[in-house]
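Read off the chains here:
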Amino acid sequence: MEEPAGGGAEPWAEGLRNSNNNASPGGWPAGRGGHPLAPFGGSGTETSYLGRVVLEIVESERTYARDLRSIVEGYLGKIIDAEEPVLRPEQVSALFGNIEDIYELSSTLLQNLESCASDPVAVAVCFVTRSQEFAIYTQYCNNYPSSVAALAECMRSKVQARFLRECQERLRHALPLGAYLLKPVQRILKYHLLLQEIAKHFEHKSGDDYEVVLEAIDTMTCVAWYINDMKRKHEHAIRQQEIQSLLLGWKGPDLTSYGELVLEGTFRVQRVRHERAVFLFDKTLLITKRRGDHYVYKSHIP
């Protein structure tokens, strides 16, 4: 048996990548407790690397916020301000989701990070104190498949496709809108990886400061886990509705009454010509037979 579509590893949940390889400041301000962070190439390799990690978090957030601003102002703003409607309201809603809320959160987080003076503990505190606010990413990630579908629809329209390409040219973006709409999904799943790098190279792996860093990691790991879990449940719910619409001969209640769809697959019964398609829900096992694009009900086991 396999998990329903979308239940596997997320292709966008990738490992840590440095997007600011050209950053090379000459030294670091004093860290927490007055201990200076060593400049690049100086003594104290671990401390120097910790400084690089802190810089990566701040610089990558600055780049991310700038990308979000380009979406909000360079695409969404242009669509809203156009004299003639270019996209239908439902297309705009599906395409951009709550991107404005994401941009506002990133902008505020960036201001907080910039005020940390390269202090890794202060950086960690920024994430702990804003833990509840990251929940808005759940809505964006759940809407992302609809965003991809809406963008594909726009690109099939000559007028809409030309408008979006013109926006891209004005912004001087090397990549099209779709690449930028994926960034929030990638970013929310990267924060805990960046914070893990702080803990990995923290000088004293004990004490209150280190506990704050661990708390930040736990916080953002839980956020990433929750978003992945909500995304999985959302995809399973869509699949459950699809099965319900394709099910023939079923006299029972709505399939949602049996809980979440856990697994689906096929098996062959002895002396039976066709394979059986089975769906395991929290409260029952549904056994069906494929007929074209439909499923014919055969039996179910509570």
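See the structure shown above.
Notes on the structure in this doc start here.

Cut-off values and rules
Residues numbered from 1 in each chain as written. Predicted model: local features only at pLDDT ≥ 70, side-chain atom pairs only at ≥ 80, totals over all residues. Heavy atoms only, no water. Helix = DSSP H or I, 4+ residues; strand = E, 2+ residues; numbered from the N terminus. Buried < 20%, exposed > 50% of the residue type's maximum accessible area, 1.4 Å probe, protein only. Lys, Arg positive; Asp, Glu negative; His and termini not counted. Salt bridge = Lys/Arg side-chain N within 4 Å of Asp/Glu carboxyl O. Contact = heavy atoms within 4.5 Å. Core = buried A, V, L, I, M, F, W, Y, C linked by side-chain atoms within 4.5 Å. Phe/Tyr/Trp six-rings, centres within 6.5 Å; stacked < 30°, edge-to-face > 60°. Lys NZ or Arg CZ within 6 Å of the ring centre and 35° of its normal. Pairing = 2+ DSSP bridges. Axes fitted to C-alpha atoms, helices over the stretch in contact; angles between N-to-C directions. Parallel < 35°, antiparallel > 145°, perpendicular 65-115°, else oblique. Left-handed = near helix turned anticlockwise from the far one by under 90°. Disulfide = S-S within 2.5 Å.

Here we look at the side chain of Arg 276
Point 1. Tracing the backbone through its elements, the reader meets Arg 276 in strand E3 (residues 276-281).
Point 2. As a buried residue without a salt bridge, Arg 276 has its nearest oppositely charged side chain in Glu 275, at a separation of 9.5 Å.
Point 3. If we skip the residues at most four places from it in the chain, Arg 276 touches Gly 265, Thr 266, Phe 267, Val 269, Ile 287, Thr 288, Lys 289 and Lys 298.

Some remarks on the nonpolar core
Point 1. Counting residues in hydrophobic clusters, the biggest one holds 63 residues, and the most contacted among them are Phe 96, Phe 127, Phe 134 and Ile 188.
Point 2. When residues of this core are assigned to their parent elements, the largest contribution, 12 residues, is made by helix H1 (residues 45-81).
Point 3. Ignoring any residue separated from it by four or fewer positions in sequence, one finds Ile 188 in contact with Phe 134, Tyr 137, Cys 141, Met 220, Val 223, Ala 224 and Ile 227.
Point 4. Grouped together as the second largest cluster of nonpolar side chains are 12 residues, Leu 255, Tyr 258, Ala 277 and Phe 281 included.

Description of the packing of aromatic side chains
Point 1. The final tally for this structure, using the stated rule, is 8 aromatic pairs.
Point 2. Seen in terms of ring centroids, Phe 202 and Tyr 210 are 5.7 Å apart; in terms of plane orientation they differ by 40°. Their pairing is tilted.
Point 3. Three or more aromatic residues link up through ring pairs in this structure, and these residues are Phe 127, Phe 134, Tyr 137 and Tyr 191.
Point 4. In this structure, Lys 183 is placed above the aromatic ring of Tyr 180, and the distance from its NZ or CZ to the ring centre is 5.2 Å.

Observations concerning the environment of Phe 281
Point 1. As for its position among the elements, Phe 281 is in strand E3.
Point 2. Phe 281 sits in the buried class, given a relative accessible area of 2%.
Point 3. C-alpha separation for the pair Phe 281 and Leu 261, spaced 20 residues apart in sequence, amounts to 4.4 Å.
Point 4. When residues no more than four places from it in sequence are discounted, the contact partners of Phe 281 are Gln 240, Leu 255, Tyr 258, Gly 259, Glu 260, Leu 261, Val 262 and Leu 286.

Here we look at the pairing of strand E5 (residues 294-301)
Point 1. As judged from the 2 bridges shared by strand E1 (residues 247-248) and E5, these two strands associate in the parallel manner. Each bridged residue has a counterpart across the sheet, and for Leu 248 the counterpart in E5 is Val 296.
Point 2. In this structure, strand E4 (residues 285-291) lies alongside E5, joined through 7 bridges in antiparallel fashion. Following the sheet pairing, Leu 285 is matched in E5 by Ile 301.

A short note on the sheet that holds E4
Point 1. With mixed pairing, the 5 strands of this open sheet are ordered in space as E1-E5-E4-E3-E2. Looking at which strands have only one partner, the edges of the open sheet turn out to be E1 and strand E2 (261-267).
Point 2. Bridge analysis of E2 against E3 gives 6 bridges, and the strand direction is antiparallel. Note on E3: the bridge partner recorded for Leu 263 is Leu 280.
Point 3. The strands that helix H10 (residues 207-246) touches are E1, E2, E3 and E5; relative to E2, the one it contacts most, it runs at about 50°.

Concerning the packing of helix H9 (residues 191-200) against H10
Point 1. H10 packs onto H9 with a crossing angle of 160° between their chain directions and a minimal axis gap of 8 Å. Compared by their axis directions, H9 and H10 come out roughly antiparallel. Judged by the twist between their axes, the crossing of H9 over H10 is left-handed. When H9 is examined against H10, the residues Tyr 191, His 192, Leu 195, Gln 196, Ile 198 and Ala 199 are found in contact with a partner set consisting of Tyr 210, Val 213, Leu 214, Ala 216, Ile 217, Met 220, Thr 221 and Ala 224.

Brief notes about the state of the cysteines
Point 1. As enumerated under the stated definition, the model contains 0 disulfides in all.
Point 2. Unpaired in this structure, Cys 116 has its nearest cysteine sulfur neighbour in Cys 126, at a distance of 3.6 Å.
Point 3. According to the relative accessible area criterion, Cys 116 is buried, its value standing at 8%.

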